[in-house]
Amino acid sequence: MPRIELRVALKALAGFLAGLALWVALSPLYDTFLAHSAQVVMRSFEKPPVTRLRPMLDDDRFISVDREDFDPRSKHPGIQLRDLTFNFILLTALFAIHPKAISDRNFIRFGLASLALCVTHVLATITEVMALYVMKLGPWSLVHYSDLSRNGWSLASTSYRVVLMYAIAFALWWIFRAPAVTPETAPVKKLSKKARGR
């Protein structure tokens, strides 16, 4: 089993703490963005467009899910966004272990990976709303969705929470990470003929 160097472990811990601080500080704005983006995408596919997603920026930080074809007096179910977005912390920790973590190249690549992660968060939000529609609205769900739809959206939601959330963070780090320069991979300067003759 390979040894984990103390320096790498400390850098990962620092990245984790930095990611946690960013995630906590920016979550209210980011939750609003996710609610708006997911609503726009969902309504563009609905005929007629009925989904309404409202961020509830209290201590629980969840999206209130409503539909325009529901009775206004009915209760609005909610989705906690913190369960869908905390893989940002893992992504930050992974980029922090690079030998040149504090460099323009690493920051740019981390930014690109974070943008790609943002897209997956919008899709995860849509998946959770659809899983709520097909599974958690009682008789209405049974009337409006088939067994295939219920199984498909339920599987997608569970897969994201259990496996894909972490796999996506690792995959984006692997795709966007800057290659580490080691003595084996460092470019070797060719000596001139005059230098070789000495």
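Report follows, based on the coordinates.

The rules behind the values
- Residues numbered from 1 in each chain as written.
- Predicted model: local features only at pLDDT ≥ 70, side-chain atom pairs only at ≥ 80, totals over all residues.
- Heavy atoms only, no water.
- 1 Å grid on protein atoms, 1.4 Å probe; cavity = no way out; pocket = protein on both sides within 12 Å on 5 of 7 lines; lining within 4 Å.
- Points joined across faces, edges and corners; volume = space filled by probe spheres on them.
- Helix = DSSP H or I, 4+ residues; strand = E, 2+ residues; numbered from the N terminus.
- Nonpolar A, V, L, I, M, F, W, Y, C, P; charged D, E, K, R; others polar.
- Pairing = 2+ DSSP bridges.
- Axes fitted to C-alpha atoms, helices over the stretch in contact; angles between N-to-C directions.
- Contact = heavy atoms within 4.5 Å.
- Bend = angle between axes of the 7 residues up to and from the residue.
- Buried < 20%, exposed > 50% of the residue type's maximum accessible area, 1.4 Å probe, protein only.

Right, let's talk about empty space enclosed by the protein for a bit. For the structure shown, the criterion picks out 1 cavity of 30 Å³ or more. Roughly 30 Å³ of volume is contained in the largest cavity. Looking at the largest cavity, the residues that line it are Val65, Asp66, Arg67, Phe70, His76, Pro77, Leu132, Tyr133 and Leu137. Only strand E2 (62-67) and helix H4 (104-135) provide two or more residues apiece to the lining of the largest cavity. Element by element, the count of residues in the lining of the largest cavity is highest for E2, at 3 residues. Residue classes in the lining of the largest cavity are distributed as 6 nonpolar, 1 polar and 2 charged.

With that settled, the discussion passes to the sheet that holds strand E1 (residues 51-56). Spatial strand order, E1-E2-E3: 3 strands in an open sheet with antiparallel pairing. Of all the strands in the sheet, the pair left with one neighbour each is E1 and strand E3 (78-80). Averaged over all pairs of adjacent strands, the angle between their axes in this sheet comes to 25 degrees, without regard to strand direction. Sheet strands in contact with helix H1 (residues 6-45) are E1 and E2, and its direction is about 175 degrees off that of E1.

Attention now goes to unusual backbone geometry. Residues Lys47 and Pro48 are joined by a peptide bond in cis, for which omega reads -5 degrees. Here Pro48 shows up in the loop between H1 and E1.

We now examine helix H6 (residues 147-176). Residues spaced three or four apart along an α-helix face the same direction, because each turn holds 3.6 residues. In the structure, H6 departs most strongly from a straight axis at Tyr160, where the bend amounts to approximately 55 degrees. Three or more residues of H6 are buried, namely Arg150, Ser157, Tyr160, Met165, Ile168, Ala169, Leu172 and Trp173. The inward-facing, buried residues of H6 contact helix H2 (82-85), helix H3 (87-96), H4 and helix H5 (139-144).

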